Amino acid sequence: MATVAALQVPATGGRTQTGDVIARWVAFAFAASILIVAALLVHQLWASSAETRHKFGWGFLTSSQWNPVTEEFGALPFIYGTVVTSFLALLISAPLGLGAAIFLAELAPARLSSALTFLIELLAAIPSVIYGVLAIFTLVPLMRTTIEPFLKSYFGYLPLFKGVVFGVDYLTAAVVLSVMTIPFVISVSRESLLAVPREQREAALALGATRWESTWQVVAPYAKLGIIGSVFLSLARALGETMAVTMVIGNDPAIHASLLAPGYTIAAVVANEFSEATGKVYQSALVELGLVLFCLTIVINALARLMIVATTRKGSKRA
Amino acid sequence: MKKSLWALAAMLFAGASAATAQNVNGAGATFPAPIYQKWFGEYHTAHPAIAINYQSLGSGAGIAQLTAATVDFGASDMPMTDDQISKLPMKAFHFPTVLGAVVPTYNVPGVTQPLKFSPETLSGIFLGSITKWNDPKLMKDNAGVKLPNADIVVVHRSDGSGTTFVWTDYLSKISPAWKSKVGANTSVSWPVGLGGKGNEGVAGLVKQTPNSIGYVELIYAANNKMSYGSVKNAAGTFVAADTASVSEAATGAAKSMPADFRVSITNAPGKGAYPISSFTWLLVPSKFADANKGKAIKGFIQWMLADGQKEAAAMYYAPLPKEVVALELKQLALIQ
Amino acid sequence: MNKRLVWRKSVNAVMLTLTGVFTVLTVSVLFLILGCLLYNGAAALNWNFFTKLPLSAGELGGGMANAIVGSLEIVGMAALMGLPVGFIAGIYLSEFEDKRFASAVRFVADLLNGMPSIVVGLLAWSLLVVSMKGFSAIAGSFALSVMLIPIVTRQTEQFLREVPQSLREGALALGASKWKTIATVVVPAGSKGILTGMILGIARISGEAAPLLFTSLNNQFWGGGVMQPTASLPVMIYYRALSAYDDWHQQAWAAGLVLIALVLVANISARFVLARGISVPRG
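Bear in mind the structure is a predicted one, so any value in this text is a computation, not a measurement.

What to know about the overall build of chain B
Broken down by element type, chain B carries 13 helices and 12 strands. For 336 residues, the compact-globule estimate of 2.2 N^0.38 gives 20 Å, and the C-alpha radius of gyration of chain B, at 21 Å, lies within 12% of that figure. Counting only C-alpha atoms, chain B reaches 70 × 60 × 35 Å along its principal axes. Within chain B, contacts between residues at least 6 apart in sequence are counted, and of these 73% link residues at least 24 apart.

In structure tokens:
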């Protein structure tokens, strides 16, 4: 604004001012509409879930009853399913993603790195419903006939791998989610690693460290916040994934210890049951589930953003 | 580039809007969806100005959407309860459309002959007390069939379903344990099993999962060449579902049909009656704000009660008894 | 001393190879996915698929003509609603000083960006389906536009910020008003990136099914206009894939192939427009 004021040649006088003022207000209105939409979202979620919020209070979050007939609703099985599948997905995609990010940032020549990163980012562009189709027809039979019986025979003594093998369960959902989230881990981690100033690497290598040691003990810790941020970002994505998950999780509103058992997530149950929710209480229960998911996503996204911003600021400051 | 995009957009909008003059939207049961979609398609071909769009989302959705007035009519295999009717913003009529059967469909590799199920075995499987295919109770009813020593994978509906209502209504009638533990409704708390969305989803899951058993409307099993078993009826005979056995189940109800057409015919008496049969209903408001919509639906129902019924048998449903059709035509006259 | 060095060197070799393996693994998943779609979908892509309406269960020969057109309709309207809003909002964030408001908008836009699409669907349902007493294409478009706006806003802002300040100052020095500067100098300078953002945003929303499930619903006929339920590719894929009919499964694969082809073409052409790699935006 200071620059504009200094250069404002008052030759055209009033007309210029009006044009700019209008432009500013129009643009302001459009930008404000984003805030309005978000406010509407919060309001609608809050208002439409009033029925069950008043009826169950905080108990909604701890009850595992889901009975549309007796109108008893509890969010616990869905929160459990959402958390289990997302965390398991991260357990798979975080190490894989970090490893690939290290390769792309530290080892691969720049052109190869960009090309490969572009390909990997294409994975993130594939729609969820297509992941679902692939999973139903290729992954589920594979899990059911090969992988899960294998896990059951070798690790069946653990409560994690007990029970009948269905193919559609927490584990399969987690595998699909890990494929869907790995591009985010790779992309953001790679950026964070690239943002680390060269002097850090060079200093480590000068002290006699191997490439790996320099990467693992110097560069990565420097980019730690960004890497963790990328994991949080993936977590936020995984929590809200709907289509792919609902096609492979088995749709059972109960809590099971075994990963081979069918389960349910918040997004999946809303997608499946919303169009048939008869009665205010049923509808309100599903909207309240949406509200829970909304809050979870906000918190995790906010944390992710803080970490990622902090790491790039750090890199550019010390550069 | 921009100009041609605008032109394309204009053409699409024009085309899409000019395509049909009268749109009617309905949603509901997946049980009769195959024949409904066929009917609505044929009706549209015969009357190109009328497009009745039916989405098979499940009976629960049909009732819910009609209650929210987001669709023009609903469809359900479970007659609406008094409580549900009181919540409707309008008065609505039940119109039975066809008779259908819910069959136990299974996927047991190696078993080619049709299996026989008794009330005890069906309720035991779905309660979770019978867990293996070679359980003695199953072997007793199926002498001569080599049943594998495999876990039974139970598949049920994940959405609110009239088909579920018919199935659980039957189980409640023949198993006191089921009645007290689970009950009958479009959505119940299942003791065991996986959830599939719609009749289509259950059929899909059973077809893809070895050693599984689920319940679907007959046409879904037949069309997909899936095995389905015969069920022991109230008279003690093992009956397979087909047009004749389903029609026989309805004979009693046809003679004593209540005025609002809400009736259950599961576990019907009769030697050859299929015990898990049901009517399915269109839920139609008695008054339409848009007179054209009312006319379109009335015209369709009239056609359905005459010509439409002729197609039922070919699609594994059973046509309505003549007495019921006569009563329905009377009710049809009441729609404005 | 030597032993320790050997150990460190072998750890180095193993770990670095492992990272390479992970990368190859990830990239190969992409090719596996594309190959699978091509293999299964190509067989089912025929004239019927593109021109016929869906038939009832068990009848062969149906297609997804109405879903293709429906998707174009719904995404087209979402673009009409969302692109201008996102674009101008992005201009405001970049060109007009307003620290606190701008950071609030940025923060909220990022949050909306990461919002599960099903929650956006709930919003559209409560605002448009309930009040208009019916499912409609426009409700679906609204949901999609809510997802599109944050993407376009952030991209627009990002690329406008990269336009050198000297360009602005030069225009202003010549006596141009602020809005003229933006319109004739700054935006054209950043147009590549902005266009990229728009294309990527549209590609992203065209694949979404969840927000359409209870807004635009589905339709077995040609939709009767924007106020009626309308078929769309992602929703059709979902329902067809869940069914038990092989014919319908084939259609799901074919539709998946069409959808992924569109998404990939959009992504690849966006990168070419930009002529240099950009990362997944932080948000």
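Re the overall build of chain A
On a plain count of helices and strands, chain A comes out with 14 helices and 2 strands. The C-alpha radius of gyration computed for chain A amounts to 25 Å, which surpasses the reference 20 Å derived for 319 residues by more than 25%, pointing to a less compact arrangement than a globule. In terms of overall dimensions, chain A has C-alpha extents of about 75 × 60 × 35 Å along its principal axes. Excluding contacts between residues fewer than 6 apart, the proportion of contacts in chain A whose partners are at least 24 apart in sequence is 77%.

What about helix H11 (residues 224–240) of chain A?
Over its 17 residues, H11(A) runs 25 Å from end to end, which matches the ideal 24 Å to within 8%, given 1.5 Å per residue. Among the 17 residues in H11(A), 15 count as buried, and that is most of the element.

Comments concerning the interface of chain C and chain A
Residue-level contacts link 78 residues of chain C with 84 residues of chain A. Broken down by element, the side of chain C that touches chain A gets its largest block of residues, 17 residues, from helix H1 (residues 2–44) of chain C. Across the side of chain C that touches chain A, the residue classes tally to 53 nonpolar, 16 polar and 9 charged.

As for the packing of helix H9 (residues 198–206) of chain A against helix H10 (residues 211–222) of chain A
Between two packed helices, the angle of one axis relative to the other and the distance separating the axes together describe the packing. All names here are of chain A. In contact at an axis separation of 10 Å, H9 and H10 are set at 155 degrees when each is read in the N-to-C sense. When the interaxial angle is binned, H9 and H10 end up roughly antiparallel. In the packing of H9 onto H10, the handedness of the crossing is right-handed. Within the contact between the two elements, H9 uses Gln200, Arg201, Ala204 and Leu205 and H10 uses Ser214, Val218, Val219 and Tyr222. Residue composition of the contact of H9 with H10, grouped by class: 5 nonpolar, 2 polar and 1 charged.

Description of the environment of A:Leu40
All names here are of chain A. Mapped onto the elements of the fold, Leu40 is located in helix H2 (residues 14–48). A tally of 15 C-beta atoms within 10 Å means that Leu40 is categorised as partly exposed. Considered as a pair, Leu40 and Ala304 are 264 residues apart in the sequence and their alpha carbons are 24 Å apart.

Thoughts on the sheet that holds strand S5 (residues 116–117) of chain B
Residues and elements named next belong to chain B. Taking strand neighbours across the sheet as the criterion, the 3 strands line up as S5-S10-S11 in an open arrangement whose pairing is mixed. Every other strand in the sheet has two partners, leaving S5 and strand S11 (238–239) as the edge strands with one partner each. Where strand S10 (residues 230–232) meets S11, 2 bridges bridge the pair, whose relative direction is antiparallel. Bridging from a neighbouring strand, Val231 pairs with Val239 of S11.

A look at helix H11 (residues 243–255) of chain B
Residues and elements named next belong to chain B. Taking 1.5 Å of rise per residue, 13 residues should cover 18 Å, and H11 covers 19 Å from first to last C-alpha, within 8% of that figure. Ala249 marks the point of greatest bend in H11, at about 30 degrees. Every buried residue of H11 is listed here: Ser245, Val246, Ser247, Glu248, Ala249, Ala250 and Ala253. Next to the buried residues of H11 lie strand S4 (92–107), S11 and strand S12 (277–285).

A word on unusual backbone geometry
Residues and elements named next belong to chain B. Its identity as a non-glycine residue notwithstanding, Ala69 has a phi of 60 degrees, on the positive side. By the element assignment, Ala69 lies in the loop between helix H3 (59–67) and strand S3 (73–76). With 15 C-beta atoms packed within 10 Å, Ala69 lands in the partly exposed category. Unusually for a residue other than glycine, Phe261 sits at a positive phi of about 65 degrees. By the secondary structure assignment, Phe261 is in the loop between H11 and S12.

Looking at the confidence of the model for chain B
Residues and elements named next belong to chain B. Mean pLDDT for chain B: 88, with 94% of residues reaching 70 or above. For the stretch residues 15–20, pLDDT sits under 50, and the model shows 14 contacts to residues farther than four places along the chain or on other chains. Taken over the whole predicted complex, pTM reads 0.87, whereas the ipTM for its chain interfaces reads 0.89.

Quick word on the pairing of strand S1 (residues 22–28) of chain B
Side chains on a regular strand alternate between the two faces of the sheet. Residue and element names in this part refer to chain B. For S1, a buried count of 6 out of 7 residues is recorded, marking the element as mostly surrounded by other parts of the structure. Sheet topology places S1 next to strand S2 (residues 50–56); 7 bridges connect them, and they run parallel. Each residue of the ladder has a partner; that of Gly28, found in S2, is Ser56. In this fold, the crossover linking S1 to S2 by way of helix H2 (residues 33–46) has right-handed handedness. Judged from the 3 bridges that link them, S1 and S3 form a sheet pairing that is parallel. Bridged to Gly26 within S3 is Phe73.

Describing the environment of B:Ser277
By the secondary structure assignment, B:Ser277 is in strand S12. The contact partners of B:Ser277, leaving out residues within four places of it in the chain, are B:Leu99, B:Ala101, B:Val246, B:Ala249, B:Ala250, B:Ile265, B:Thr266 and B:Ala268.

Focus on the nonpolar core
Nonpolar side chains in soluble globular proteins generally cluster together in the buried interior. One finds A:Ala135, A:Val176 and A:Val248 to be the most contacted residues of the largest nonpolar core, which totals 298 residues. Among the elements that take part in this core, helix H3 (residues 65–95) of chain C stands out by supplying 16 residues, more than any other. In this structure A:Val176 touches A:Tyr131, A:Ala135, A:Leu139, A:Ala244 and A:Val248, once residues within four positions along its chain are discounted.

Quick look at the packing of helix H9 (residues 191–206) of chain C against helix H11 (residues 246–274) of chain C
All names here are of chain C. Running from N to C, H9 and H11 cross one another at 170 degrees; their axes reach a closest spacing of 9 Å. Looking at the two axes, H9 sits roughly antiparallel to H11. Each of Lys192, Gly193, Leu195, Thr196, Ile199, Leu200, Ile202, Ala203 and Ser206 in H9 lies in contact with H11, whose residues at this interface are Leu262, Val263, Ala266, Asn267, Ser269, Ala270, Val273 and Leu274. For the contact of H9 with H11, the residue count by class is 11 nonpolar, 5 polar and 1 charged.

Section: the environment of B:Leu305
Residues and elements named next belong to chain B. Positionally, Leu305 belongs in helix H12 (residues 291–306). Look at Leu305 and you get buried, because 20 C-beta atoms sit within 10 Å. In the structure, Leu305 is positioned 208 residues away from Thr97 in sequence and 7.4 Å away in space, judged by C-alpha atoms. If sequence neighbours within four positions are ignored, Leu305 has contacts with Val325, Glu328 and Leu329.

Here's the deal with the pairing of S2(B)
Counting buried residues in S2(B) gives 7 out of 7 residues, a clear majority hidden from the surface. Burial along S2(B) is two-sided: the face carrying B:Ile50, B:Ile52, B:Tyr54 and B:Ser56 and the face carrying B:Ala51, B:Asn53 and B:Gln55 are both buried.

Definitions and limits used
Residues numbered from 1 in each chain as written. Chains lettered and ligands numbered in written order. Predicted model: local features only at pLDDT ≥ 70, side-chain atom pairs only at ≥ 80, totals over all residues. Helix = DSSP H or I, 4+ residues; strand = E, 2+ residues; numbered from the N terminus. Rg over C-alpha atoms; globule rule 2.2 N^0.38 Å. Contact = placed C-beta atoms within 7 Å. Expected span 1.5 Å × (residues − 1). Buried ≥ 20, exposed ≤ 12 C-beta atoms within 10 Å, placed from the backbone. Nonpolar A, V, L, I, M, F, W, Y, C, P; charged D, E, K, R; others polar. Axes fitted to C-alpha atoms, helices over the stretch in contact; angles between N-to-C directions. Parallel < 35°, antiparallel > 145°, perpendicular 65-115°, else oblique. Left-handed = near helix turned anticlockwise from the far one by under 90°. Pairing = 2+ DSSP bridges. Bend = angle between axes of the 7 residues up to and from the residue. pLDDT = per-residue confidence, 0-100. Right-handed = clockwise from strand over helix to strand, strands pointing away. Core = buried A, V, L, I, M, F, W, Y, C linked by C-beta atoms within 7 Å.

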